[in-house]
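As a plain string of letters, each chain reads:
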Amino acid sequence: MTPPAPPLLTPRFVRLNVANFCFFLCFASFFLLPLHVRALGGSDRDVGFVMGTNGVAGLAGLLLIGPLLDRFPRQLFLRGGIAGMGLLALAYLVVDTVGPLLYLLRAFQGLAFAAGFNAASTLAVDYAPPARRGAALGLYGVSTLATHALAPTLGEMLIGLGGFPLLFVSAAGYAAVGLVAAWSLPAATLPVPRGRGRFRLGGLLAATLAAVGCGGIAFGAVITFAPTFVADEHLGPVATFFLSYTAAAIATRLVGGGLGDRFGHARVATPALAGLGVAIAALALVYSPVQLALAGLAFGTAQGIYYPALNAFTVDHAGAGQIGRVQTLYNATFNLGVTGGAFVLGNVVHDFGHRVTFLCASAAALLGVACFVLAVRLGPRVRH
């Protein structure tokens, strides 16, 4: 008789998701920051640079945070990241121009995000039964994805009621609630290895991370420039896209989050990443609110399937005591793609428009498929 599967929804896992939800509700409120940059007189290039600054600083912080996550309690980094995001949200109240202060705040947000996000995602791996890692990461991702719809939707309402100051104060409030939820999170049941062995990046992980970075470029282009695309094309509320995208992503993670555990993470991630490229290409052909919603559904379905499967595949190939570093490297590479996409594709938007930009992002996702196919082929020749 097959033994029952170990439970996923343990009290600590639920509390982690509550804390992560509030943390990302604060973070995702700044998806609307491009509109504020424009209101302050900034251009599309400014939007790309402002949004990209967050990622650059976060990547710099990851050089330190990754090894520390394998040496010190991960809960400390989670608490610090949440508290930092909340305080920085309040600091935006004094920003009245696109200048050094705005870039400085985005840089510090990147550092706070790097600490909180990587600590939370590594704790999710700690709390997950190894045989159900893909399903656990899929469920954990729901607490992130839900904010991608809820934060912009609430944000547009808050801006309408009290302008951007009300948005920033509310974002700080979300972080405060998250800090309460995270304050007494327990450590993993098993001691966290210190991971003092030399970390080596083999061919499989290198090719996999190349695929992750390409996916980040594709994802980041859509998340960064969808608000201005919708506004410029008069496609209705920005929330139409974010709601449809998030609803699809959450549904696929709830229903199909464990597909990788059953059929193999590589077999699931490869077609889903290809689907992401197709969905973004479809976004370039949107001319009505209905088409926008359909493109969001396709984008969310692909994102909801490929991301946790690719994440689980990467973590499965981590060495002993190096899960924190591998998980951080995965997140860093994805964020590098998002950041690079914001910087480079901001110029493409300025010179050629949103539709050409989305086609470029689609090509990046399809390049990621090729990289991941290479990674899978390298697998049998790589020592894990």
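Residues numbered from 1 in each chain as written. Predicted model: local features only at pLDDT ≥ 70, side-chain atom pairs only at ≥ 80, totals over all residues. Heavy atoms only, no water.

Notes on helix 6 (residues 133-182)
Right, so step 1: Taking 1.5 Å of rise per residue, the 50 residues of helix 6 would be expected to cover 74 Å, yet its terminal C-alpha atoms sit only 21 Å apart, more than 12% below that figure.
Right, so step 2: The principal kink in helix 6, of about 130 degrees, is found at glycine 162, preceding the proline proline 165 by one to four residues. (Helix = DSSP H or I, 4+ residues; strand = E, 2+ residues; numbered from the N terminus. Expected span 1.5 Å × (residues − 1). Bend = angle between axes of the 7 residues up to and from the residue.)

Some points on the nonpolar core
Right, so step 1: In this structure, Leu78, Phe241, Tyr245, Leu276, Leu283 and Phe299 are the most contacted members of the largest nonpolar core, which totals 115 residues.
Right, so step 2: The element that contributes the greatest number of residues to this core is helix 6, accounting for 16 residues.
Right, so step 3: For phenylalanine 241, the contacting residues outside a window of four places in its chain are Val222, Ala226, Leu283, Leu292, Ala295, Gly296 and Phe299. (Core = buried A, V, L, I, M, F, W, Y, C linked by side-chain atoms within 4.5 Å. Buried < 20%, exposed > 50% of the residue type's maximum accessible area, 1.4 Å probe, protein only. Contact = heavy atoms within 4.5 Å.)

Topic: the environment of glycine 99
Right, so step 1: Structurally, the position occupied by glycine 99 is in the loop between helix 4 (74-91) and helix 5 (100-127).
Right, so step 2: Counting along the chain gives 57 residues from glycine 99 to glycine 42, while the straight-line C-alpha distance between them is 9.7 Å.

Examining the confidence of the model for the protein chain
Right, so step 1: Looking at the protein chain as a whole, its pLDDT mean stands at 82, while 87% of the residues score no less than 70.
Right, so step 2: Taken as a whole, residues 189-196 scores under 50 in pLDDT and shows 15 contacts with residues more than four places along the chain or in a different chain. (pLDDT = per-residue confidence, 0-100.)

Quick notes on unusual backbone geometry
Right, so step 1: The backbone of histidine 234 sits at a positive phi, close to 55 degrees, despite the residue not being glycine.
Right, so step 2: With respect to the secondary-structure elements, histidine 234 resides in the loop between helix 7 (203-233) and helix 8 (239-256).
Right, so step 3: Classification of histidine 234 as exposed rests on a relative accessible area of 71%.

Section: the pattern of salt bridges
Right, so step 1: Enumeration according to the criterion identifies 2 salt bridges in this entry.
Right, so step 2: Residues aspartate 232 and arginine 38 are paired through a salt bridge, measuring 3.0 Å at the closest nitrogen-oxygen approach. In this pair, aspartate 232 sits in helix 7 while arginine 38 sits in helix 2 (residues 33-39), placing the two residues 194 residues apart along the sequence.
Right, so step 3: For aspartate 232, a relative accessible area of 37% gives the class partly exposed.
Right, so step 4: Of the charged contacts in the structure, one is a salt bridge between arginine 355 and glutamate 233, with a shortest N-O distance of 3.1 Å. You can see arginine 355 sitting in helix 13 (residues 354-378) and its partner glutamate 233 sitting in helix 7, a full 122 residues away along the chain.
Right, so step 5: The exposure class assigned to arginine 355 is buried, which follows from its relative accessible area of 18%.
Right, so step 6: When its relative accessible area of 33% is taken as the criterion, glutamate 233 is described as partly exposed. (Salt bridge = Lys/Arg side-chain N within 4 Å of Asp/Glu carboxyl O.)

Digging into the packing of aromatic side chains
Right, so step 1: Counted by the stated rule, this structure contains 25 aromatic pairs.
Right, so step 2: Centre to centre, the rings of phenylalanine 23 and phenylalanine 24 are 5.5 Å apart; their planes meet at 90 degrees, and the pair counts as edge-to-face. For the pair phenylalanine 23 and phenylalanine 24, a shared accessibility class is recorded, and that class is buried.
Right, so step 3: Considering the side-chain rings of phenylalanine 27 and phenylalanine 113, the 4.3 Å spacing of their centres and the 20 degrees angle between planes classify their relative orientation as stacked. Taken together, the positions of phenylalanine 27 in helix 1 (residues 11-28) and phenylalanine 113 in helix 5 put the pair 86 residues apart, joining distant regions of the chain. In this structure, phenylalanine 27 and phenylalanine 113 share a single accessibility class: buried.
Right, so step 4: Between the NZ or CZ atom of arginine 79 and the centre of the ring of tryptophan 183, over which it lies, the distance is 5.3 Å. (Phe/Tyr/Trp six-rings, centres within 6.5 Å; stacked < 30°, edge-to-face > 60°. Lys NZ or Arg CZ within 6 Å of the ring centre and 35° of its normal.)

A short note on the environment of glycine 41
Right, so step 1: Inspection of the secondary structure puts glycine 41 in the loop between helix 2 and helix 3 (44-69).
Right, so step 2: On a C-alpha basis, the gap between glycine 41 and threonine 97 in space is 7.7 Å, while along the polypeptide they are 56 residues apart.

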